[in-house]
Amino acid sequence: MKKIDRIPDTGQQWYKDAKYGLFIHWGLYAILAGEYKGQKTDHISEWIMNTLNIPVEEYEKLAGEFCPERFCADGLVRMAKESWGMKYIVFTSKHHEGFAMYHSKCSPYNVVDATPCGRDILKELADACHKYGMKLGLYYSQAQDWHEPDGYMANTMMENEKPPVDNDARDFQHYLDNKVKPQLKELLTGYGEISLIWFDTPMGMTREQSMECISLVKSLQPDCIISGRIGNQLGDYTTTGDNFIPRLPFDGDWELPATLNDTWGYNKDDNNWKEPEQIIRTLVKICSRGGNYLLNAGPRADGSIPEKSVEILNAVGQYLHENGEGIYETQKLGIYPYELDWGEFTGKPHRMFIHVFKPCKGLGMMNLSANVKKAYLLRDGSELAYKVEETCEGDSMVTVELPQGLRKQAYYCVCLEIEEEWPVFEPLRG
Ligand code: H79
């Protein structure tokens, strides 16, 4: 595939500053929770219609069971903001299954017209986001739509045998003109400010078709950001592979979409949860490399968030509550030449943040050259002693000294105020 040399830029300061957002995957797949007629899926659960080859007429019937009696948009948005420290939410307005989680006038296959609950879930969420000043983005599957004869469907390694789909035989333009564009128009005109559209899996979309979607979005809401997966390298930022962390600092705006366990949609049997510590370390790495972390929660069919997800996100939120200054609004740093087993750096002009993940006697940083003016514990501002020196080999070295109490702790952050705008990381030399 030809890659275009262009540094993607959203032009939106809120997005560059946000660093941490909540992805919400919710649709009819949550009712199945990873199991259909006694058969469990081994794969991401929102793909169950595809991987277990469930016929459209069968899958559609799930809508009749959708009953989100425990869903409270207000509570969820407040929790995401206040307890979890998230700055934006991206919600699945329509995933590959084709079901609209809002009141669509151009397809009756939606959460108001096709379910007994009759609630416009997106309206509830949008109202709560606007109330709490939470930026709202919408996931919209623009290419795959397994409910429509002309939408694409990825050919997968099937658990149930089925003939391959011939996507080339489908009238994709017809689907684009008659479902995607009218629905995008509804989403961007009926729910107030929409800050981002999260397109996904462009598959065979042409450059012109990607452009048609972009032009429509920008004509309705010019500040709305387009995700990297609109296709044809036309997005406003780079979306990394799902759960794939770039190893190095990466130019331009970018975002890592990630799961808390091994699925996006709810799966009752998936207990492979990441530890909060791992999430924190990943968040810090992403910040030091210049990106945003879009971390997923998959509500159950009744709208409740799995307790384990809440527990993990609360713990990460606690770290952010104390150390958020070293996360939000940070910018990409240069490449520090050593892999530290105890921590990781983030930075803002004239400030370097040392995130410490293990008990340490002191924080020694070789090949860091900076005129340090002050070192302090971020969570309470208490000053720490430090030394700026040269090693016997002639390398620069900054050491932050730690009081006894701190030496036993982990998951805290130290701020260095420095004279330079950015610290200099000296390369290794012979
Ligand atoms: O929305 C989430 C996923 O459903 C979606 N992107 C994130 C944000 C996504 N689309 N495609 N993929 C993820 C990757 C697809 C992987 C596949 Fe498979 C491998 C498709 C077929 C083989 C996993 C295994 C899904 C079905 C079988």
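The rules behind the values
Residues numbered from 1 in each chain as written. Predicted model: local features only at pLDDT ≥ 70, side-chain atom pairs only at ≥ 80, totals over all residues. Heavy atoms only, no water. Near = heavy atom within 4 Å. Polar contact = N/O pair within 3.5 Å; in protein donor to acceptor, adjacent residues only side chain to side chain. Nonpolar A, V, L, I, M, F, W, Y, C, P; charged D, E, K, R; others polar. Helix = DSSP H or I, 4+ residues; strand = E, 2+ residues; numbered from the N terminus. Buried < 20%, exposed > 50% of the residue type's maximum accessible area, 1.4 Å probe, protein only. Pairing = 2+ DSSP bridges. Axes fitted to C-alpha atoms, helices over the stretch in contact; angles between N-to-C directions.

Trainee: So what's going on with the site of the ligand? Which residues, and what values?
Mentor: In the vicinity of the ligand, 16 residues are found, and the nearest of them are His-25, Glu-46, Trp-47, His-95 and Asp-200. In this structure, an oxygen atom belonging to the ligand sits 3.0 Å away from a side-chain N or O atom of Trp-47. A distance of 3.2 Å separates a nitrogen atom of the ligand from a polar atom in the side chain of Asp-242. In the shell around the ligand, the residues fall into five nonpolar, seven polar and four charged.

Trainee: So what about unusual backbone geometry? Which residues, and what values?
Mentor: We note that Lys-19 has phi near 70°; this positive angle belongs to a residue other than glycine. Within the secondary structure layout, Lys-19 lies in the loop between α1 (13–18) and β1 (20–24). For Lys-19, a relative accessible area of 2% corresponds to the buried category. Phi is positive for Thr-201, close to 35°, though the residue is something other than glycine. Among the secondary structure elements, Thr-201 is positioned in the loop between β6 (196–199) and α8 (207–220).

Trainee: Describe the sheet that holds strand β11 (residues 343–348), listing the residues and the values that go with them.
Mentor: Pairing within the open sheet is antiparallel, and its four strands lie in the order β11-β12-β18-β15. Looking at the sheet topology across the chains shown, the edges are occupied by β11 and β15 (372–377). The sheet shows a mean angle of 20° between the axes of neighbouring strands, direction not considered. Alignment of β15 against strand β18 (residues 412–418), held across five bridges, turns out to be antiparallel. Its bridge partner being in β18, Leu-377 is matched across the sheet by Val-414.

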